[in-house]
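Structural characterization, general
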Amino acid sequence: MKISRRVHHAASRLHKWLALIIGFQLLLWFASGALMAWLPIGEVRGEHLVDRARAEPLTAELARVDPAMLARIAGDGTEMITLRRVDGRLMAEAGKGDTARLFDPLNGQPVGLLDDAAARRIANAAWTRRPPSIAETRLVRARSTEYRAQLPAWRIAYADAENTAVYIGALTGRITAVRTGTWRLYDFFWGLHIMDWAEHADFNTPWLVGFALGGLVIGLSGTLLLLARWPLRRRRASL
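Residues numbered from 1 in each chain as written. Predicted model: local features only at pLDDT ≥ 70, side-chain atom pairs only at ≥ 80, totals over all residues. Heavy atoms only, no water.

Some words on helix H5 (residues 181-194)
- Taking 1.5 Å of rise per residue, the 14 residues of H5 would be expected to cover 20 Å, and the 20 Å separating its terminal C-alpha atoms lies within 8% of that figure.
- Of the residues making up H5, those classed as buried are Thr182, Trp183, Tyr186, Asp187, Gly191, Leu192 and Ile194.
- At the C-terminal side of H5, Met195 shows a positive phi close to 60°. (Helix = DSSP H or I, 4+ residues; strand = E, 2+ residues; numbered from the N terminus. Expected span 1.5 Å × (residues − 1). Buried < 20%, exposed > 50% of the residue type's maximum accessible area, 1.4 Å probe, protein only.)

What follows is the structure, encoded as structure tokens:
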């Protein structure tokens, strides 16, 4: 393949400068990808510490629940009602996602926000071993890089080696997130990987698209240089 000297020179300069600019981010992509692939996802999610799916068994109270009352709680647009025990008390959870709320299934009244004591009991009961001492309990009302689920939520911070924080949805009593030191390390490198340094959530940022296209141009320009120089190497080898 014959390429003019001007095209060869332009491709060489483009390849060199793009490699200098994008090369560091390429190293971050490789390093962050390797770290995220190496860390077990169950450990990142804190599944070895906290069992989010743990449920208390239902009792004879179910016989007192009137199906007509559940239908009234559901109202219009609710697809499903879940009966479950929350902090030792039978509850009906109606709604889905951020719209989910707790109701008393016997009288149909909304429960309202769980208090901090109930949140601590729920968090402690979910530990797979003896829970460490609690360092702090506070109500979270705004999303952050550490927490992006239903609000408001109770943040139960523990004084353990992983600096574990268990988030309890104040409207549902569900464990909505478990954050550990391992998760925070993973999330930091995830932010570097997708080039969303503030929120660590948007993987369609202009920076990511631009650098990905730049990496593609590096590959194409390198291929062009290879094709341009290959006959020259072959001629030199035949001399």
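This is not the end of the story, as more comes after the structure.
Details of the packing of aromatic side chains
- Enumeration according to the criterion identifies three aromatic pairs in this entry.
- When the centroid spacing of 5.0 Å and the interplanar angle of 65° are considered together, the rings of Trp127 and Tyr158 count as edge-to-face. Taken together, the residues span a long stretch of sequence, with Trp127 in the loop between helix H4 (116-125) and strand S4 (134-140) and Tyr158 in strand S5 (residues 153-158) at a distance of 31 residues.
- On the basis of relative accessible area, Tyr158 is assigned to the buried category, the value being 3%.
- When the ring of Phe188 is compared with that of Phe189, the centres are 5.4 Å apart and the planes differ by 80°; the resulting orientation is edge-to-face.
- Judged by relative accessible area, which is 46%, Phe188 ranks as partly exposed. (Phe/Tyr/Trp six-rings, centres within 6.5 Å; stacked < 30°, edge-to-face > 60°.)

Thoughts on the nonpolar core
- Counting 20 residues, the largest nonpolar core has Val50, Ile156, Val166, Ile168 and Ile175 as the members making the most contacts within it.
- Of all the secondary structure elements, the ones that give two or more residues to this core are H4, S5, strand S6 (165-169) and strand S7 (175-179).
- The greatest single-element share of this core, amounting to four residues, is contributed by H4.
- Leaving out residues up to four positions away in the same chain, Ile168 has contacts with Ala119, Ile122, Ala123, Ala153, Trp154, Ile156, Gly173, Arg174, Ile175 and Thr176.
- Grouped together as the second largest cluster of nonpolar side chains are eight residues, Met69, Leu70, Ile73 and Phe103 included. (Core = buried A, V, L, I, M, F, W, Y, C linked by side-chain atoms within 4.5 Å. Contact = heavy atoms within 4.5 Å.)

Section: the sheet that holds S6
- The antiparallel open sheet is built from four strands, whose spatial order is S4-S5-S6-S7. The open sheet has two free edges, formed respectively by S4 and S7, since each of these has just one partner strand. On average, each strand axis in the sheet is inclined to that of its neighbour by 15°, with strand direction left out of account.
- Direction of pairing for S5 relative to S6: antiparallel, over a ladder of five bridges. The residue bridging Ala153 from the neighbouring strand is Gly169, located in S6.
- Packing of H4 onto the sheet brings it into contact with S4, S5 and S6, and relative to S5 it is tilted by some 55°. (Pairing = 2+ DSSP bridges. Axes fitted to C-alpha atoms, helices over the stretch in contact; angles between N-to-C directions.)

Here's the deal with the confidence of the model for the chain
- On average, residues of the chain score 80 in pLDDT, and 77% of them are at 70 or above.
- When mean pLDDT is compared element by element in the chain, S5 scores highest at 97, while helix H6 (residues 206-238) scores lowest at 65. (pLDDT = per-residue confidence, 0-100.)

Digging into the sheet that holds strand S2 (residues 89-94)
- Strand order in the open sheet made by the three strands is S1-S2-S3, with antiparallel pairing throughout. Each edge of the open sheet carries a strand with a single partner, namely strand S1 (81-86) and strand S3 (101-103). On average, each strand axis in the sheet is tilted by 40° relative to the strand beside it, whichever way the strands run.
- Across the sheet, helix H3 (residues 67-74) is in contact with S1, S2 and S3; its angle to S1 comes to roughly 105°.

Some thoughts on H4
- Where H4 is concerned, the buried positions are Ala118, Ala119, Ile122 and Ala123. Viewed end-on, H4 has its buried residues packed into an arc of 135°, placing them on one side of the element.
- In this fold, the buried residues of H4 make contact with S1, S5 and S6. (Arc of directions from axis to C-beta.)

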